[in-house]
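Below, each chain spelled out in residue letters.
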Amino acid sequence: MAHYDASSVKRPRRTKAQVEALRQAMASITEAAQPCSVRHVYYLGIGDLWDKDTGTSRRHYSVVVRELGYLRETGRIPWGWITDGTRMVRQELQYDSLEDAMERAAEGYRRNLWATQSRRVEVWCESDSVGGVLLPVTSAWGVGLYSCRGQSSKTFVYEAVQEYARQGKPVTVIFAGDWDPTGRCVPRSVIERMHRYGNGELDLDFQQIAVTADDVRSAQFTTHDVNTRDVNYKRYREECLSEGIDPHVAVEVEALTPGLLRSRLNDAIEALVDDVRKWNIEARTEEAERELLRSLQGTVKKIVRRTAGEPSSEDGESQ
């Protein structure tokens, strides 16, 4: 019997010119989508710059990770264009001086504009990377952004419900997550726990802006095969069939462009401002109070200098 050794498959390496063209294209994609996650860049390049990985392969995704690292480390794209919400630093807030504290207070002062509205509004998402994409919108509107990191913990949901109870307001949760067996399990779990921990008294409005059944039915977004061995697949299959969707395909939230996600979120939050007159009054008050804090910086600076025994310019003039 003839013996055959396993032969390796050699893929042609990109030339220097091809690598440079790839980097330029990736930089352009990232600039247009920023802030975005690495996974978003990967999805945005599928079909044009690379094929979608299949099975357990991560060959093309690994190229995206490597080249985005190169582009940032060499200064060709700013670090801030790529979000990474998976790394957190826990440290008490500190200041270099009282003047520094006053300056930061003026810059970061935010009045709770939602206090005059009828509902509490929050944004929940399935992962930290998606949270980084949505953060510019939640920051602009002054609403909380919660990352479930897959399945949200019982403590995470319980503490949120306790805060709702303290405020005594109806709650709207806007959610963004994958359309796959695990992704569809997240909102079901969150809703069930919120009602249970709220003893059935919580007035909850749950809105999913992505990925929706309409998104999947539209066939506009990149899909991937579903793991039918997933413990959540049976329920996922039932939901897909009830929605007229092929239960063997799934859509990740990163398949939707960052711009589309932010636009949907902005529209959803804006629609929840039910008293526009009060909102605008509070917004004007916020700006006036911020200016007041800025004006107080000068006064604090004089007091600090006098306490330290340093003469101010006004003291010199009076002498």
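Our subject is the structure listed above.
Just so it is clear, the structure is predicted and the values come from calculations on it, not from any experiment. (Residues numbered from 1 in each chain as written. Predicted model: local features only at pLDDT ≥ 70, side-chain atom pairs only at ≥ 80, totals over all residues. Heavy atoms only, no water.)

### Quick look at the overall build of the protein chain
The criterion, for reference: Only runs of H or I of at least four residues qualify as helices and only runs of E of at least two qualify as strands under DSSP, and these elements are numbered from the N terminus. Throughout, radius of gyration means the C-alpha value; the globule benchmark is 2.2 Å times the number of residues raised to the power 0.38. Remark: exposure states derive from per-residue accessible area (1.4 Å probe, protein chains only) relative to the maximum for the residue type, with buried under 20%, exposed over 50%, and partly exposed in between. The contact definition used throughout considers only heavy atoms, calling two residues in contact when any of these lie within 4.5 Å. Every accessible area reported is derived by Shrake-Rupley at a probe size of 1.4 Å, with residue values counting cover from the shown protein chains alone.
In terms of helices and strands, the protein chain carries 12 helices and 6 strands. Here the C-alpha radius of gyration of the protein chain, 26 Å, is well above what a compact globule of 319 residues would show, namely 20 Å. With the C-alpha coordinates aligned to their principal axes, the bounding extent of the protein chain is approximately 110 × 60 × 35 Å. Burial statistics for the protein chain: of 319 residues in total, 41% are counted as buried. Long-range contacts, defined here as pairs at least 24 residues apart, represent 75% of the contacts in the protein chain between residues at least 6 apart. With the model as given, the accessible surface of the protein chain reaches about 18900 Å², and the carbon-plus-sulfur share is 49%.

### A few points about the nonpolar core
Threshold: Among the buried residues, those of types Ala, Val, Leu, Ile, Met, Phe, Trp, Tyr and Cys that are joined through side-chain atoms within 4.5 Å form a nonpolar core.
Ranked by internal contacts, the top residues of the largest apolar core, which has 57 residues, are L68, W114, I174 and I269. In this structure, W114 is in contact with R119, V121, W141, G142, V143, K169, I269, L272, V273 and W279, ignoring residues within four places of it in sequence.

### Description of the pattern of salt bridges
Threshold: Salt-bridge detection follows one rule: a side-chain nitrogen of Lys or Arg within 4 Å of a carboxyl oxygen of Asp or Glu.
Taken as a whole and assessed by the stated rule, the structure comprises 22 salt bridges. With its nearest N and O atoms 2.9 Å apart, the salt bridge here joins R111 to E289. A residue pair is termed long-range when its members are at least 10 positions apart, and R111 in the loop between α4 (98-108) and β1 (120-125) and E289 in helix α11 (residues 276-307) qualify at 178 residues. Its relative accessible area of 28% is what places R111 among the partly exposed residues.

### Describing unusual backbone geometry
Going from Q34 to P35, the amide bond is cis rather than trans, its omega being 0°. Even without being glycine, N199 reaches a positive phi, approximately 55°. Examined against the element boundaries, N199 turns out to sit in the loop between α7 (181-197) and β4 (204-210). In this structure N199 comes out as exposed when scored by relative accessible area, which is 64%.

### Examining the pairing of β4
The condition that has to hold: Pairing between strands requires that DSSP locate at least two bridges from one strand to the other. Think of it like this: strands point away, you trace from the first strand over the helix to the second, and a clockwise trace means the crossover is right-handed.
Relative to β4, strand β3 (residues 171-176) is paired through 6 bridges, and the arrangement is parallel. Bridged to V171 within β4 is L204. Regarding the hand of the β-α-β motif, the stretch spanning β3, α7 and β4 is right-handed.

### With respect to the side chain of D180
Stated formally: Here Asp and Glu are counted as negative and Lys and Arg as positive; His is not counted, and neither are the chain ends. What qualifies as a polar contact is a pair of N or O atoms within 3.5 Å, subject to a donor-acceptor requirement within protein and to the restriction that residues adjacent in sequence count only when both atoms come from side chains.
With respect to the helices and strands, the residue D180 is situated in the loop between β3 and α7. No salt bridge is formed by the buried D180; the nearest opposite charge belongs to R184, separated by 7.9 Å. A polar atom in the side chain of D180 sits 2.5 Å from the backbone nitrogen of G183.

### Side note on the packing of aromatic side chains
Defined as follows: Centres within 6.5 Å are what make two rings of Phe, Tyr or Trp a pair, Trp counting through its six-membered ring; a difference in plane orientation under 30 degrees is then read as stacked, over 60 as edge-to-face, and the rest as tilted. Ring-over charges, as used throughout, are those where CZ of Arg or NZ of Lys falls within 6 Å of the ring centre and within 35 degrees of the ring normal.
For the structure on display, the rule yields 10 aromatic pairs. Seen from their ring centres, Y42 and Y43 are 5.4 Å apart, and the 75° between their planes marks the pair as edge-to-face. Across the pair, exposure class does not vary: Y42 and Y43 are buried alike. Between Y233 and Y236 the ring centres are 6.3 Å apart and the planes differ by 45°, which places this aromatic pair in the tilted class. Of this pair, Y233 and Y236 are both found in helix α9 (residues 233-242), 3 residues apart, which corresponds to roughly one turn of the helix. Each member of the pair, Y233 as well as Y236, is classed as buried. Here a set of aromatic residues connected by ring pairs shows up, and it is made of Y42, Y43 and Y61. Of note, R23 hangs over the ring of Y70, and the distance from its end group to the ring centre comes to 3.7 Å.

### Topic: the layout of surface pockets
The following threshold applies: Put plainly, a pocket is an open set of points on a 1 Å grid over the protein atoms alone with protein on both sides within 12 Å along at least five of seven lines, a cavity is a set where a 1.4 Å probe fits but cannot get out, and a lining residue has an atom within 4 Å of a point. Grid points are joined across faces, edges and corners, and a volume is the space filled by probe spheres set on the points. Each residue receives one of three labels: charged for Asp, Glu, Lys and Arg, nonpolar for Ala, Val, Leu, Ile, Met, Phe, Trp, Tyr, Cys and Pro, and polar for the others, Gly being one of them.
Taken as a whole, the largest pocket encloses approximately 620 Å³ of empty space. In terms of lining residues, the largest pocket is bounded by 29 residues, among which R39, Y43, K52, H224 and E252 are the most central. Secondary-structure elements contributing two or more residues to the lining of the largest pocket are α2 (38-45), α5 (128-141), α7 and β5 (224-225). Tallied by class, the residues present in the lining of the largest pocket amount to 8 nonpolar, 10 polar and 11 charged.

### Some remarks on the sheet that holds β1
Selection criterion: Helix axes use the C-alpha atoms of the stretch in contact, all axes being lines fitted to C-alpha atoms, and the angles between their N-to-C directions lie in the range 0 to 180 degrees.
If you walk across this open sheet you meet the 4 strands as β2-β1-β3-β4, and the pairing is parallel. Each of the sheet's edge strands pairs with one partner strand only, and the pair in question is β2 (144-147) and β4. Ignoring strand direction, the axes of neighbouring strands in this sheet form an average angle of 25°. Packing of helix α6 (residues 154-167) onto the sheet brings it into contact with β1, β2 and β3, and relative to β1 it is tilted by some 170°. Sitting on the sheet, helix α10 (residues 258-270) is in contact with β1, β3 and β4, with an inclination near 155° to β4.

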